[in-house]
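# Structure assessment
The residues making up each chain are set out below.
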Amino acid sequence: MLQEYISNPMKRNKQLLQRGLPLQDEAHVAFWSEIIENTEGSPLQKMQACLPQLCIPIEEGVSHRKSYKDVVLRGALFADAGFDEIAKYEDPDAITLHMYTHDAGSLPVVETSNYNDFEHLNRALARKCEPVRIADGIHASFIAGLPNPGRMLQLQVKASQRGEPWGSAMQRLLNEDKTNFYDKIVLMYTSPYGNVPASDVGLSELDWIEKSSLLRVEHEMTHYATNRMLGSFRLNIHDELLADFMGFTSSLGFFSADLFFLAMGIDGDCIPINCRFRNYCQELDEDEIQKVLLMSRCSAFNLEKISKALPDGFSRSAVLLALGMYGIKEMGEDSFVEHFLDAFV
């Protein structure tokens, strides 16, 4: 299991990358840009109008009910589906929605400063409205494969106007681009990154909160980038090292190995039961987890050295594409820093 875990499946999507950066936005992005810029209502109301799963109360087994499937998968109106009540949020005015631009393509970003609402949004959008436990320390998610009934209805109307049967239109659109039917978004909770106190970073609380939001969105957009440009996104410490490297260097201007492990909940060689680190190596036994921790330490300290040696104004996407070619074991080797910088700088 360990050998499979530390293998590196990332490979450049040469056909996509040869078109140049930034990549063209995926099909769902134009819909979200229109929602953000040209529709009435609060951010939550705008989202509920096209994502009725945000109206469905979080309940055990709700995703198996006909009413859920009718609303989320078949485009039925929430008001006609027979739900007893609409979902409630503690602080709906704290929910924001904006578009974030990245070389891998833009994505809509949903953010809230209320943790209970973050959990609710996560369960509604990524867990089919089921009361699944959200792991401790997880304050952001890159959500892919999100059904959007509002956008599906819009596509149906356009097909009808063209005189194209919906069945054939749906198959054509799916073959052209899967994001014609399944959206991707970033969801975030406004908080200190990894629950690390501002005093440990040497910043004021306000500065650390602001930098944490930038760090978090760049982290999640890195997952989107590796998924799209390198063909891989996994719950794996290798992915987290790359995402935090890109997030730290964007927000703080450098990568810190010590801060990486603090944000992972690691205390020395101890890996607490509920720490964030464990969320990314769930399939491993204790001995294997300790080996991954050792490899990740070597990799993190090498990445810190690289972040300090990169020239001002370096191409962030070029660095990510280059780093993505190395697995966690290779990144931790003694010769890695010199080898990487010789090839890149």
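Quick summary incoming for the structure in this document. (Residues numbered from 1 in each chain as written. Predicted model: local features only at pLDDT ≥ 70, side-chain atom pairs only at ≥ 80, totals over all residues. Heavy atoms only, no water.)

### Focus on the overall build of the protein chain
Quick note on the threshold: Secondary structure is summarised from DSSP: a helix means a run of H or I of at least four residues, a strand means a run of E of at least two, and numbering begins at the N terminus for each. For the radius of gyration, the atom set is restricted to C-alpha positions; the globular benchmark scales as 2.2 Å times the number of residues to the power 0.38. For the exposure calls, accessible area comes from a 1.4 Å probe over protein chains only, and a residue counts as buried if that area is under 20% of its type's maximum, exposed if over 50%, partly exposed in between. In this description, contact between two residues means that some pair of their heavy atoms is separated by no more than 4.5 Å.
Helix and strand counts for the protein chain come out as 16 helices and 4 strands. Relative to its length of 345 residues, the protein chain is compact, with a C-alpha radius of gyration of 21 Å against a globular reference of 20 Å. Counting across all 345 residues of the protein chain, residues that qualify as buried make up 52%. In the protein chain, of all internal contacts separated by at least 6 residues, the share reaching a separation of at least 24 is 71%.

### Considerations on the sheet that holds strand S1 (residues 96-100)
Picture the strands of a sheet paired through backbone hydrogen bonds; they go either parallel or antiparallel. Selection rule: At least two bridges found by DSSP between two strands is the condition for calling them paired. Lines fitted to C-alpha atoms define the axes here, with helix axes fitted over just the stretch in contact, and angles between the N-to-C directions of these axes take values from 0 to 180 degrees.
Pairing in this open sheet of 4 strands is mixed, and the strands run S1-S2-S4-S3 from one edge to the other. Here the strands that pair on one side only, and so sit at the sheet edges, are S1 and strand S3 (140-147). Strand after strand, the sheet turns through a mean of 30 degrees between neighbouring axes, direction not considered. Set on the sheet, helix H3 (residues 27-38) makes contact with S1, strand S2 (107-112) and strand S4 (182-189); between it and S1 the angle comes to about 135 degrees.

### Describing the pairing of S1
Where S1 and S2 come together, 5 bridges link them in antiparallel fashion. What sits directly across from Met99, in S2, is Pro108.

### Observations regarding the nonpolar core
For clarity, the cut-off: Among buried residues, those of type Ala, Val, Leu, Ile, Met, Phe, Trp, Tyr and Cys that are joined through side-chain atoms within 4.5 Å constitute a nonpolar core.
One finds Ile237, Leu241, Phe245, Phe277 and Phe340 to be the most contacted residues of the largest nonpolar core, which totals 70 residues. If sequence neighbours within four positions are ignored, Ile237 has contacts with Tyr5, Met264, Phe277, Tyr280, Val292, Ser296 and Ile328. Residues Ile35, Leu51, Phe83 and Ala124 belong to the second largest nonpolar core, which totals 33 residues.

### Regarding the state of the cysteines
Applied cut-off: When two cysteine sulfur atoms are found within 2.5 Å, that pair is recorded as a disulfide.
Overall, the coordinates contain 0 disulfides when judged by the stated rule. Here Cys275 stays free of any disulfide, with the sulfur of Cys281 as its closest cysteine sulfur at 7.6 Å. Assessed through its relative accessible area of 10%, Cys275 is described here as buried.

### Focus: the packing of aromatic side chains
Test applied: Ring geometry is summarised as follows: Phe, Tyr and Trp rings, the Trp one being its six-membered ring, pair when their centres sit within 6.5 Å, and such pairs are stacked at plane angles under 30 degrees, edge-to-face over 60 and tilted between the two.
Applying the stated criterion across every chain, the model contains 16 aromatic pairs. Measuring from centroid to centroid gives 5.2 Å for Tyr115 and Tyr189, while their planes differ by 70 degrees, and the two rings are edge-to-face. Of this pair, Tyr115 sits in helix H6 (residues 115-126) while Tyr189 sits in strand S4, and the two are 74 residues apart along the sequence. Residue classification places Tyr189 among the buried residues on the basis of a relative accessible area of 16%. Pairing Tyr326 with Phe340 gives two aromatic rings, centres 6.3 Å apart and planes at 70 degrees, and the pair type is edge-to-face.

### A few points about the pattern of salt bridges
Pairing is possible between side chains of opposite charge, provided their charged atoms come close. The cut-off we apply is this: One speaks of a salt bridge when a side-chain nitrogen belonging to Lys or Arg is within 4 Å of a carboxyl oxygen belonging to Asp or Glu.
Per the stated rule, a full pass over the model turns up 17 salt bridges. Between Arg133 and Asp136 there is a salt bridge, and its shortest N-O distance comes to 3.3 Å. Under the relative-accessibility criterion, Arg133 is labelled exposed at 54%. With a relative accessible area of 37%, Asp136 lands in the partly exposed category. Among the ionic contacts, a cluster of salt bridges with common partners joins Arg162, Glu164, Arg172 and Glu176.

### As for helix H4 (residues 43-50)
For H4, every residue scored as buried is listed here: Leu44, Lys46, Met47, Gln48 and Cys50. Contacts made by the buried residues of H4 are with H3, S1, S2 and helix H7 (149-162).

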